[in-house]
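# Overview (structure and organization)
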Amino acid sequence: MELMRVSVLRGVHDVTVEERPVPTPAADEVLVRVGSVGVCGSDVHYYEHGRIGPHVVDSPLVLGHEAGGVVTEVGSEVTSLSEGQRVSIEPGVPCRRCRQCLLGRYNLCPEVKFFATPPYDGAFCEYVAMPADFVYAVPDHVSDDAAGLIEPLSVGVWAARRSRVGPEDTVLVNGAGPIGLASAMAARAYGASSVTVADVNAHRLQLAQAVGFEVVDVSTTSLTDADVRADVLLECSGNGRATWDAIHAVDRAGRVALVGMGGDELSLPLPRIQERELTLTGAFRYANTWPTAIDLVSSGKVDLDVLVTGHFGLSEVEAALTAPGRDPQAVKVIAPPGKQQRQAATGCTAARIDTRL
Ligand SMILES: [Zn+2]
Ligand SMILES: [Zn+2]
């Protein structure tokens with residue numbers, strides 16, 4: 001039996017590297033050797049708090065859901081992919097039978113099995129088996145990191161679709177983290193006439209500016225003073241106060257998509273929403289976005305590699321998970337298990353990783 005290295009979250013602040021059998025793909029699955037996995041805010045949240053809302057880590061969990069890699073084995077029924085194909089993985093597999101699935105809104109499937117959401121393991125490991133129709137070929141000029149970051153870009157594409165971003169729309173993106181920047185990139189690709197990104201982090205704003213967006217540092221200048229008026233607000237800050245302010249920058253008949261996760265409750269300026277007939281919508285993950293997102297990257301309309309600020313190996317997952325909190329310059333950090341040498345077998349199946357930082 002072939003073994004692989006797996007990074008396992010055992011509890012709050014407790015990540016170990018273990019060896020587990022390499023999965024065998026079912027008839028409709030492919031086996032993917034993971035080349036790159038982006039670290040997401042949700043991974044950090046599980047590591048720091050052991051839960052996100054109702055999702056509690058009560059047994060060992062493999063984190064990571066932004067994965068790209070190479071197909072190394074193909075199930076007997078799979079015709080869409082072959083060995084050696086470079087791919088991006090869509091990390092949630094819905095039931096395909098419920099009403100939401102049948103209506104095409106499979107992101108709302110109550111039975112979805114989503115990577116790194118308890119009890120389903122994610123991709124901080126060397127190999128994952130996945131139904132072939134949730135694994136998408138990427139061209140060779142798209143990097144492994146970008147193949148993984150198709151996932152956060154998909155969140156942006158979905159946000160742009162939910163808020164119907166189109167030509168002539170001015171878009172305000174609140175929050176310049178990876179999801180904010182990916183949403184801004186998606187909004188521009190969807191034809192927005194201007195995209196402004198607001199945040200309080202000077203490094204992230206610098207990056208947003210370098211990628212060609214208008215920026216407002218809301219720690220020094222209010223959106224009103226900066227004269228921002230938006231047809232669409234993509235709220236990616238997860239910050240209640242910032243959301244309140246940003247809604248005031250939305251023009252009549254504007255649309256607001258709530259993308260970022262923040263507190264459980266939010267105060268809203270109701271008279272503003274009523275008098276201006278604003279439309280507010282939630283945006284949860286994505287459905288049918290991978291082909292679009294891959295197209296945006298492979299055509300050069302979106303460059304995801306600019307978001308990457310650090311690489312960590314599989315045995316450094318703890319350092320990767322704490323990087324965003326330690327380093328204000330960190331935007332998207334990557335854990336690339338594929339580029340890691342396999343440790344020599346020691347007869348020991350689990351080793352506590354010591355990360356003195
Ligand atoms: Zn993510
Ligand atoms: Zn379903």
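Above this note sits the structure.
Residues numbered from 1 in each chain as written. Chains lettered and ligands numbered in written order. Predicted model: local features only at pLDDT ≥ 70, side-chain atom pairs only at ≥ 80, totals over all residues. Heavy atoms only, no water.

Moving on to empty space enclosed by the protein. Counted by the stated rule, this structure contains two cavities of 30 Å³ or more. Here the largest cavity defines a volume of roughly 50 Å³. In terms of lining, the largest cavity is formed by Glu 90, Gly 92, Tyr 106, Asn 107, Val 112, Phe 114, Arg 285 and Tyr 286. When its residues are assigned to classes, the lining of the largest cavity shows four nonpolar, two polar and two charged. (1 Å grid on protein atoms, 1.4 Å probe; cavity = no way out; pocket = protein on both sides within 12 Å on 5 of 7 lines; lining within 4 Å. Points joined across faces, edges and corners; volume = space filled by probe spheres on them. Nonpolar A, V, L, I, M, F, W, Y, C, P; charged D, E, K, R; others polar.)

By the definition in use, this model includes 10 salt bridges. Ionic pairing is found between Asp 144 and Arg 86, a salt bridge with its closest N-O pair at 2.9 Å. In this pair, Asp 144 is assigned in helix α3 (residues 144-162) and Arg 86 in strand β7 (residues 86-89), connecting sequence segments 58 residues apart. Comparing Asp 144 with Arg 86, the two get one shared label, buried. (Salt bridge = Lys/Arg side-chain N within 4 Å of Asp/Glu carboxyl O. Helix = DSSP H or I, 4+ residues; strand = E, 2+ residues; numbered from the N terminus. Buried < 20%, exposed > 50% of the residue type's maximum accessible area, 1.4 Å probe, protein only.)

Let us now look at the layout of surface pockets. In this structure, the second largest pocket spans a volume of roughly 340 Å³. If you go around the second largest pocket, you meet 20 residues; those closest to its centre are Phe 115, Asp 121, Gly 122, Val 128 and Ala 129. Element by element, the count of residues in the lining of the second largest pocket is highest for strand β10 (residues 127-131), at five residues. Its residues assigned to classes, the lining of the second largest pocket comprises 15 nonpolar, one polar and four charged.

Further remarks concern the nonpolar core. With 102 residues, the main nonpolar core has Phe 124, Leu 153, Val 171, Leu 234 and Leu 304 as its most contacted residues. The greatest single-element share of this core, amounting to 10 residues, is contributed by α3. Sequence-distant contacts of Leu 153, defined by excluding residues within four places in its chain, comprise Ala 182, Ala 186, Ala 293, Leu 296, Val 297, Val 302 and Leu 304. The next biggest cluster of nonpolar side chains, apart from the first, holds 14 residues, and it includes Ala 198, Ala 246, Ile 247 and Ala 249. (Core = buried A, V, L, I, M, F, W, Y, C linked by side-chain atoms within 4.5 Å. Contact = heavy atoms within 4.5 Å.)

Around the zinc ion (ligand 1), the donor atoms from the protein are Cys 40 (SG), His 65 (NE2) and Glu 66 (OE), and they sit 2.2 to 2.5 Å away. Donor residues binding the zinc ion (ligand 1) come from one chain and are separated in sequence as C-x24-H-E. Of the two residues, Cys 40 sits in the loop between β3 (29-38) and α1 (41-49) while His 65 sits in the loop between β5 (55-56) and β6 (66-74), which places them 25 residues apart along the sequence. (Donors = N, O, S within 2.8 Å, 3.2 Å for Na, K, Ca; no water.)

By the secondary structure assignment, Thr 322 is in helix α9 (residues 317-326). By relative accessible area, Thr 322 is classed as buried at 16%. One polar contact links the side chain of Thr 322 to the main-chain carbonyl oxygen of Glu 318, over a distance of 3.0 Å. (Polar contact = N/O pair within 3.5 Å; in protein donor to acceptor, adjacent residues only side chain to side chain.)

Let us look at α1. Along α1, the positions that sit buried rather than exposed are Asp 43, Val 44, Tyr 46 and Tyr 47. End-on, the buried residues of α1 take up no more than an arc of 160°, which puts them together on one face. Those residues of α1 that are buried lie in contact with β1 (3-11), β2 (14-21), β3, β4 (51-52), β5 and α9. Positive backbone phi, at 75°, marks Gly 50, one or two positions downstream of α1. (Arc of directions from axis to C-beta.)

The reference angle at a metal is 109.5 degrees if four donors form a tetrahedron and 90 or 180 degrees if six donors form an octahedron. Protein ligation of the zinc ion (ligand 2) involves Cys 95 (SG), Cys 98 (SG), Cys 101 (SG) and Cys 109 (SG), the donor distances falling in the range 2.3 to 2.4 Å. One way to put it: the four donor atoms around the zinc ion (ligand 2) meet at angles of 104 to 115°, and that makes the site tetrahedral. Looking at Cys 95, the relative accessible area reads 16%, which means it is buried. (Tetrahedral: all angles 85-135°; square planar, octahedral: opposite > 155°, others 65-115°.)

Packing of α3 against helix α4 (residues 178-189) leaves a shortest axis separation of 7 Å and a crossing angle of 55°. When the interaxial angle is binned, α3 and α4 end up oblique. For the element pair α3 and α4, the recorded crossing hand is right-handed. Each of Pro 152, Leu 153, Val 155, Gly 156, Val 157 and Ala 159 in α3 lies in contact with α4, whose residues at this interface are Ile 179, Ala 182, Ser 183 and Ala 186. Considered class by class, the residues forming the contact of α3 with α4 number eight nonpolar, two polar and no charged. (Axes fitted to C-alpha atoms, helices over the stretch in contact; angles between N-to-C directions. Parallel < 35°, antiparallel > 145°, perpendicular 65-115°, else oblique. Left-handed = near helix turned anticlockwise from the far one by under 90°.)

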